[in-house]
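# Observations on the model geometry
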Amino acid sequence: MNITTLDLRNNRIQGSILVPPPSTQVFLVLNNKLSGQIPPSICSLSSLQYLSLSDNNLSGTIPPCLGNFSTELITLHLKNNSLEGHIHDTFANASHLRSLDLNSNKLEGPLPRSLAKCIKLEVVNVGKNMISDSFPCWLGLLHELKILVLRSNRFYGPLCNSNITFPFQALRIIDLSHNEFTGFLPRRIFPSMEAMKNVDEQGRLVYMGGAFYDESITVAMKGHDFQLQKILVMFRAMDFSRNRFHGEIPEVLGNFKSLKVLNLSHNSLTGNIPVSFENMTALESLDLSFNKLDGRIPEQLLSVTALALLNLSYNRLWGRIPRGNQFNTFENDSYIGNIRLCGEPLTVRCSNDGLLKAPRLASSDHDETASRFDWKMAKMGYASGLVIGLSIGYMVFSTGKPQWFVRMVEGDQQKNVRRARQRHRR
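This text gives an overview of the structure that appears in the document.

Criteria and cut-off values
Residues numbered from 1 in each chain as written. Predicted model: local features only at pLDDT ≥ 70, side-chain atom pairs only at ≥ 80, totals over all residues. Heavy atoms only, no water. Pairing = 2+ DSSP bridges. Helix = DSSP H or I, 4+ residues; strand = E, 2+ residues; numbered from the N terminus. Axes fitted to C-alpha atoms, helices over the stretch in contact; angles between N-to-C directions. Core = buried A, V, L, I, M, F, W, Y, C linked by side-chain atoms within 4.5 Å. Buried < 20%, exposed > 50% of the residue type's maximum accessible area, 1.4 Å probe, protein only. Contact = heavy atoms within 4.5 Å. Polar contact = N/O pair within 3.5 Å; in protein donor to acceptor, adjacent residues only side chain to side chain. Disulfide = S-S within 2.5 Å.

A sheet is described by the order of its strands in space; here 12 strands give the open sequence β1-β3-β5-β7-β9-β11-β13-β15-β21-β23-β25-β27, paired in parallel fashion. In the strand order of this sheet, the two ends are held by β1 (5-7) and β27 (309-311), each with one partner. Sheet twist, expressed as the mean angle between neighbouring strand axes with direction ignored, is 10°.

Written out as structure tokens, the structure reads:
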């Protein structure tokens, strides 16, 4: 029987994998209920071009032959299973491979260096595994690479100071989040990322993928993960969040005029928010939260009118928050944790010079002490939110802390009692 295409996607097929005839070129069994291991006999399909076993309950290791059993292989998709062990370094002859998706398994060890031989490779997605390796600078040799997802692994160390001429030119989506990368953001790599700068494809509603597969990724925005089942060719995203990067944000990022999502949160970045961000006119989501950024929020960001999600919380920013255009739509949670910011939408007012307005000092000792308490409580409420702020206020009265406030209240009460007794005697 000469079967060339066997498409069993999106069913309820159970049991182990049954290997189709050797003539099979397309074998798609994703989103079923298959279990057990991937049989080594699948490597007998020497004409296979598209293989997808994603979204099943497969376990065990990946057969060593799976990287080189077919020189015609275009896609190898095994995501959302329970596969374990190493990814075997057997891709040297996979010259037609375009898409490798091993996301959401239990794979470990290093990333196989033979992937650098896959000159047509467009997608490498190994997110949500236990891979331990340094950053794969050598993937910069792949001029067709468009998507690189390493999120939620055990990658470590600095990003490369690459000697490769124009590395990662075609890269449109890069996700390094939830790893242990260190050092500075890669100033030498950013300038060569031409696909992040180009805006030629802005009007094209074309999806990445091919006749028998779609590319899908997870994008983190405002603290939530969003699954994109299809990816527009025009979509660009960069996520370096939850690592240990330090130093300043490079001004060169402002050249990424086609970037839609930028997430640098949960690092130790310092310095100012680059004024060059005003050039990122396609940017829709910007997350710089949980860093050590200081200075004012650049007024120039008002020109990024596509910006729909902004998170600058828990930094060291100060001064007046810009108002106008899309900034009128952002709420308190975009700025919380920057105790020297002022102006709308916060309740903290600015002085005429655009700085945090100091609390009004009263004349009497009692009013001065009360004012001091009001200002401390206001700061606690601002930094922690209304509910937590009220809870702190309640604890002051119920626990007898802080003592300076308890003594002040008890002293006033004793004075009032003495005055009442004196009036009664008269």
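Another aspect to go through is the nonpolar core. One broad trend across soluble globular proteins is that nonpolar side chains are buried collectively. In this structure, L53, L148, M238, F240, F277 and Y335 are the most contacted members of the largest nonpolar core, which totals 85 residues. With near-sequence residues (within four places) excluded, M238 lies in contact with I174, F190, M193, M196, L253, F256, L259, V261, L262 and N263. Listed in part, the 13 residues of the second largest apolar core include V123, I173, A237 and V261.

Bridge analysis of strand β6 (residues 57-61) against strand β8 (residues 82-86) gives three bridges, and the strand direction is parallel. Bridge pairing in β8 links T61 to E84. Where β8 and strand β10 (residues 106-109) come together, three bridges link them in parallel fashion. Bridged to G85 within β10 is L107.

Let us now look at the side chain of S276. If you trace the backbone, S276 turns up in the loop between β24 (268-271) and β25 (285-287). Among the polar contacts listed, one links the side chain of S276 to the backbone oxygen of E251, at a separation of 2.7 Å. Beyond its immediate stretch of four places on either side in the chain, S276 contacts E251 and G254.

So, about the state of the cysteines. By definition, a disulfide links the sulfur atoms of two cysteine residues through a covalent bond. In this structure the tally under the stated criterion is two disulfides. In this model C43 forms its disulfide with C65; the gap between the sulfur atoms is 1.8 Å. Taking the torsion about the sulfur-sulfur bond, which here is approximately 75°, the covalent link between C43 and C65 counts as right-handed. With C43 in the loop between β4 (33-36) and β5 (50-52) and C65 in the loop between β6 and β7 (75-77), this pair connects stretches of sequence that are 22 residues apart.

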